[in-house]
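Breakdown of the fold
Now for the letters of each chain:
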Amino acid sequence: MSIQVNHVFKRFGDFVALDDVSLDVPAGGLTALLGPSGGGKSTLLRVIAGLEQPDSGTVEVEGRDVTGLTPQQRSIGFVFQHYAAFKHMTVAKNVAFGLEIRKHPKAEVRRRVNELLELVHLEQFAERLPAQLSGGQRQRMALARALAVQPEVLLLDEPFGALDAQVRRELRTWLRRLHDEVHVTTVFVTHDQEEALEVADSIVIVNQGRVEQAGTPRELYDEPASEFVMSFLGPVTRFQGQQVRPHDLVLHPEVQGAAVGAVVKRVTRLGFEVRVDMEAEGEPLWVQITRAAAAELDLEPGDVVGVTVSTPAPVA
């Protein structure tokens, strides 16, 4: 099911949370709402869900105006950052809850719960309580519970924000695989750029209540519409007064031709890559190079090297 947000405004007192926001979410896609804290992305998600009413503007699901409908009437599943599990219920009962309150037959509920627990790899934990699960397992349970009622749209509000980095990486890979199996239109909020780039089909950058840019990860990374988008989606540094990706800078052992001279301040080895902090033309600069390139240059603090920009050209 596609989602269309049309000229939505939302204020909380004097604070403008959403300022004339329009957005198209394609059917069956996995879309990330990415932006800084307080930028409006969670408010936008809650307006789509029906948990907040816009001051003006409309929300449509598959061409149907749902602006005045409750979340239940919109056929939307919602997963919060902190699971919102029923602590006294088993995993299976938590997943079954939405089906039971809708009076589905017991046999159908049992079959659907078994299918979903298998889908999220929790079938062996069906009789455990949420407190007996890890954070990652509880989040998978929350996703199964949201999917149980077969929503037309699935909304996730920073679903992995409370988890440590390793579990986040595992779960976002799992979420991508899960989405490819169920194909439900999914929108998730995140402030993690790497998460958005890795998981999403499309990314919407939200800042100060406005949509800065929307497009595929490649489009936003390679063709940013503004300095803000470029700086928020991926690493940046400044070279000769312009923003540039640090991996688009090339280091040369000598200052020749168009190269700019730079003094090495620090060399930091970060696993598969090497970060070189430098000073060029009186301004700080950092460059991201491979271990092989670093070994060939054999850089030490105090060395003077040449710096040039490879394509793509920097954004002004």
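For clarity, every value in this text was computed on a predicted model and none was experimentally measured. (Residues numbered from 1 in each chain as written. Predicted model: local features only at pLDDT ≥ 70, side-chain atom pairs only at ≥ 80, totals over all residues. Heavy atoms only, no water.)

1. Digging into the side chain of Ser202
In this fold, Ser202 is placed in strand E9 (residues 202-207). Those residues in contact with Ser202 that lie beyond four places of it in its chain are Leu30, Thr31, Ala32, Gly215, Thr216 and Pro217. (Helix = DSSP H or I, 4+ residues; strand = E, 2+ residues; numbered from the N terminus. Contact = heavy atoms within 4.5 Å.)

2. Brief notes about the environment of Ala96
Mapped onto the elements of the fold, Ala96 is located in helix H2 (residues 91-101). Residues Ala96 and Glu118, spaced 22 residues apart in sequence, show a C-alpha to C-alpha distance of 14 Å. Leave out the neighbours within four places in its chain, and Ala96 touches Val109 and Val113.

3. Quick notes on the sheet that holds strand E16 (residues 283-290)
Taken together, the 5 strands give an open sheet; going across it, the order is E13-E17-E14-E15-E16, and neighbouring strands pair in antiparallel fashion. On the outer flanks of this sheet lie strand E13 (249-252) and E16, each paired with one strand and no other. Recorded for the sheet is a direction-independent mean angle of 45° between the axes of neighbouring strands. Pairing between strand E15 (residues 273-280) and E16: 8 bridges, direction antiparallel. Looking at the pairing, Val274 lines up with Ile289 of E16. (Pairing = 2+ DSSP bridges. Axes fitted to C-alpha atoms, helices over the stretch in contact; angles between N-to-C directions.)

4. Overview of the packing of aromatic side chains
If you walk through the whole model with that rule in mind, you get 2 aromatic pairs. Here the aromatic rings of Phe86 and Phe97 are separated by 4.6 Å at their centres, their planes lie at 50°, and the arrangement is tilted. Taken together, the residues Phe86 in the loop between strand E6 (76-79) and H2 and Phe97 in helix H2 connect sequence positions 11 residues apart. With 5.7 Å between their ring centres and 20° between their planes, Phe228 and Phe232 make a pair best called stacked. With Phe228 and Phe232 both in helix H8 (residues 227-232), this residue pair falls 4 residues apart, about one helical turn. Overall, Phe228 belongs to the partly exposed group, its relative accessible area being 25%. (Phe/Tyr/Trp six-rings, centres within 6.5 Å; stacked < 30°, edge-to-face > 60°. Buried < 20%, exposed > 50% of the residue type's maximum accessible area, 1.4 Å probe, protein only.)

5. Here's the deal with the environment of Ser22
Structurally, Ser22 can be placed in strand E2 (residues 15-25). Residue Ser22 is classed as partly exposed on the basis of its relative accessible area of 35%. Linking Ser22 and Val305, residues 283 residues apart in sequence, is a C-alpha distance of 47 Å. Setting aside chain neighbours within four positions, we find Ser22 in contact with Val5, Asn6, His7 and Val211. One polar contact links the side chain of Ser22 to the main-chain amide nitrogen of His7, over a distance of 2.9 Å. (Polar contact = N/O pair within 3.5 Å; in protein donor to acceptor, adjacent residues only side chain to side chain.)

6. Remarks on the pattern of salt bridges
Inspection of every chain in the model, using the stated rule, returns 15 salt bridges. For the salt bridge of Arg172 with Asp192, the shortest nitrogen-to-oxygen distance reads 3.9 Å. Of the two residues, Arg172 is situated in helix H5 (residues 165-182) and Asp192 in the loop between strand E8 (185-190) and helix H6 (193-199); the sequence distance between them amounts to 20 residues. Using a relative accessible area of 19% as the deciding quantity, one classes Asp192 as buried. Its salt-bridge partner being Glu194, residue Arg172 comes within 2.6 Å of it at the nearest N-O pair. Here the residue Arg172 occupies a position in helix H5, and Glu194 occupies one in helix H6, the gap between them amounting to 22 residues. The class for Arg172 is buried, based on a relative accessible area of 3%. When salt bridges with common partners are traced through the structure, they connect Arg172, Asp192, Glu194 and Glu198 into a single cluster. (Salt bridge = Lys/Arg side-chain N within 4 Å of Asp/Glu carboxyl O.)

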